[in-house]
Amino acid sequence: MNKTKLYYILILALGFIALFGRLNDIHLGHEEPRRALIAQEILLGDNIWQPTIRSQNYYRKPPLYNWLIAISYKVFGSQSELATRVPSVLSYLLFIIFIYHFFKKLLSKKEARIIALMVFISGDILLYYSRMAEMDLFYALISFPVMVLPWWYLKHNKTRYFFIIPPLLAGIGFMSKGLPSSAFIGISSLVAVLLTKKYKLFYSPVIIVSLILFCLPTVPYFYMQNEAGTLSDSWQTLFGESANRTTGNIDALNYFKHFLLFPLQVLIAFLPGTLLLAGLKKEYFKSDTSKSLFIIFFANF
């Protein structure tokens, strides 16, 4: 076994210890108790479509991630801290696997491993977010393909997949976090069309299929709320959540500073993984692929 493989095995072993070590020993904190309580009430209630907290309807997020925690409780046969956090850990691992396979198609296997490893050893994620019963990493697992696949499909002339897969994934993302998914699919699809110069797609009637697929995962959720007479409350809360995230009480100067600094803050959050970018060939950063991905990510930022 050469030294490179040994290093990868060592890093993976330490990473798994960091991910799964003491998941059951540390008490739930921050937003975790809320996620756990909603999942418990889903199991105890008779309507899985309407999350509740202390028997009161909870509208701030759709129920998908809470379903995953509830399923985890069923699988483990308990409502422990471990069972509460496992969906986030597994989402993180699946996210890394997707990143590796996606970049393997763009670069070499070695460079794909570097990028996947960059995400895997990122301090903020590995030691904090991945070990919390939050939906962020599950949402990243769903939303990252929504950002990059539209461009990938058009670049490789797989137009029918462009109209099918990303909108459906965005609809699933909507069922976990709400309206931000509509922004991600809209921005990413628009940028993909502009980058590949396939402007005729703006007038394609197949867009209707994309809209239907985006809405499809949400239909049962909103239908059940309409039947219960709570659709207006749900929609207003979801819209208010997104509006507060977008505007809030931030003045114009601070908003502009945030717009400029946010990509840099993301790179800092990925430390020490970001340092591995130095292992990529310089030609990669000058390629059309690199420039396209930069535009896609910056537009979504």
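Residue positions are counted from 1 within each chain, in the order its sequence is given. Whole-chain, interface and lining totals are the exception, using all residues; otherwise, since this is a predicted model, local features are given only for residues with pLDDT of at least 70 and side-chain atom pairs are given and counted only at 80 or more. Processing note: side-chain calculations cover all non-hydrogen atoms of the structure and skip hydrogens and water entirely.

To qualify as a helix, a DSSP run of H or I must reach at least 4 residues; to qualify as a strand, a run of E must reach at least 2; elements of each kind are numbered from the N terminus. In terms of helices and strands, the protein carries 15 helices and 2 strands. Its C-alpha radius of gyration of 20 Å places the protein within 12% of the 19 Å reference for a compact globule of 301 residues. Its C-alpha atoms put the protein at 55 × 55 × 40 Å along the principal axes. Residue burial is assigned from relative accessible area. The probe radius is 1.4 Å, only protein chains are included, and a residue is buried under 20% of its type maximum, exposed over 50%, and partly exposed in between. The 301 residues of the protein split such that 44% are buried. Here a residue-residue contact requires only that any non-hydrogen atoms of the pair lie within 4.5 Å. The contacts in the protein between residues at least 6 apart in sequence include a share of 75% that link residues at least 24 apart. Computed with a 1.4 Å probe, the accessible areas rest on the Shrake-Rupley method; for each residue, only the protein chains presented here act as cover. Here the protein displays about 16,800 Å² of accessible surface, and carbon together with sulfur accounts for 66% of that area. Radius of gyration here uses only the C-alpha atoms, and the compact-globule reference equals 2.2 Å multiplied by the residue count raised to the power 0.38.

This paragraph deals with the packing of aromatic side chains. Working definition: a ring pair exists when centres of Phe, Tyr or Trp rings (six-membered ring for Trp) sit within 6.5 Å. Plane angles under 30 degrees give stacked, over 60 give edge-to-face, the rest tilted. Going through the model one piece at a time under the given rule, you end up with 19 aromatic pairs. When the centroid spacing of 5.7 Å and the interplanar angle of 75° are considered together, the rings of F95 and F144 count as edge-to-face. Placement of the pair is F95 in helix α4 (residues 81–106) and F144 in helix α7 (residues 136–155), with a sequence separation of 49 residues. Accessibility classification places F95 together with F144 in one group, the buried group. A ring pair is formed by F222 and W235, whose centres lie 5.9 Å apart and whose planes are at 70°; its orientation type is edge-to-face.

A word on helix α2 (residues 32–44). Residues three or four positions apart in an α-helix share a direction because the helix packs 3.6 residues into each turn. With 13 residues, α2 extends 18 Å from end C-alpha to end C-alpha; this agrees with the ideal 18 Å at 1.5 Å per step. For α2, the set of buried residues is E32, R35, A36, I38, A39, E41 and I42. Packing partners of the buried residues in α2 comprise β1 (52–53), α3 (64–76) and α4. What a helix is expected to span follows from its residue count: subtract one and scale by 1.5 Å.

What follows is about a positive patch on the surface. The patches described consist of residues with a relative accessible area above 30% and no salt bridge, like charges being joined within 9 Å and nonpolar side chains (Val, Leu, Ile, Met, Phe, Trp, Tyr) within 5 Å. For this document, the term salt bridge refers to a Lys or Arg side-chain nitrogen within 4 Å of an Asp or Glu carboxyl oxygen. Neither His nor the chain ends is counted toward charge; the positive residues are Lys and Arg and the negative residues Asp and Glu. Taken as the charge centre is NZ of Lys, CZ of Arg, CG of Asp or CD of Glu, depending on the residue. The grouping of K5, K109, K110, R113 and K281 at the surface amounts to a positive patch. The element that contributes the greatest number of residues to the positive patch is helix α5 (residues 109–120), accounting for 3 residues. Locating K109 in the fold gives a position in helix α5.

As a further point, take the pattern of salt bridges. Scanning all chains against the criterion turns up 4 salt bridges. For the salt bridge of E31 with R34, the shortest nitrogen-to-oxygen distance reads 3.0 Å. The exposure class assigned to R34 is partly exposed, which follows from its relative accessible area of 26%. In this structure, D136 and K177 form a salt bridge, with 3.8 Å as the shortest nitrogen-oxygen distance. Taken together, the residues span a long stretch of sequence, with D136 in helix α7 and K177 in helix α8 (residues 159–177) at a distance of 41 residues.

Tracing the backbone through its elements, the reader meets M118 in helix α5. The exposure class of M118 is buried, given its relative accessible area of 13%.

Here L264 shows up in helix α13 (residues 252–269). On the basis of relative accessibility, which here comes to 46%, the residue L264 falls in the partly exposed class. Counting along the chain gives 242 residues from L264 to R22, while the straight-line C-alpha distance between them is 32 Å.

To continue, consider helix α15 (residues 288–300). Its 13 residues place the ends of α15 18 Å apart at the C-alpha level, agreeing with the 18 Å of an ideal helix rising 1.5 Å per residue. Within the span of α15, buried status applies to T289, S290, S292, L293, I296 and N300. Down the axis, α15 shows its buried residues gathered within 165° of arc, on one side only. Counted as exposed and oriented over 90 degrees from the buried face of α15: D288 and F294. At its buried positions, α15 is contacted by α4, α7, α9 (180–196) and α14 (282–286). Directions drawn from the helix axis to the C-beta atoms are what define this arc.

Take the packing of α7 against α8 next. The angle between the axes and the distance between the axes are what describe a pair of packed helices. For helices, the fitted axis covers only the stretch in contact; all axes are lines through C-alpha atoms, and the angles between them, taken along N-to-C directions, range from 0 to 180 degrees. Following both chains from N to C, one finds α7 and α8 inclined at 165°, their axes separated by 9 Å at the closest point. With respect to α8, the element α7 is oriented roughly antiparallel. Every pair of crossing elements has a handedness; the one defined by α7 and α8 is left-handed. Across the interface between the two elements, D136, F138, Y139, I142, P145, V146, L149, P150, Y153 and L154 from α7 touch T159, Y161, F162, I165, P166, L169, A170, I172, G173, S176 and K177 from α8. The residue makeup of the contact of α7 with α8, split by class, is 16 nonpolar, 3 polar and 2 charged. Orientation is classified from the angle alone, with under 35 degrees giving roughly parallel, over 145 giving roughly antiparallel, 65 to 115 giving roughly perpendicular, and any other angle giving oblique. When the near helix sits turned anticlockwise from the far one by under a right angle, the crossing is termed left-handed; a clockwise turn instead gives a right-handed crossing. As a working rule, the residues Ala, Val, Leu, Ile, Met, Phe, Trp, Tyr, Cys and Pro are called nonpolar, Asp, Glu, Lys and Arg charged, and the rest polar, with Gly in that last group.

Interpretation in functional terms is not warranted from these geometric data alone.
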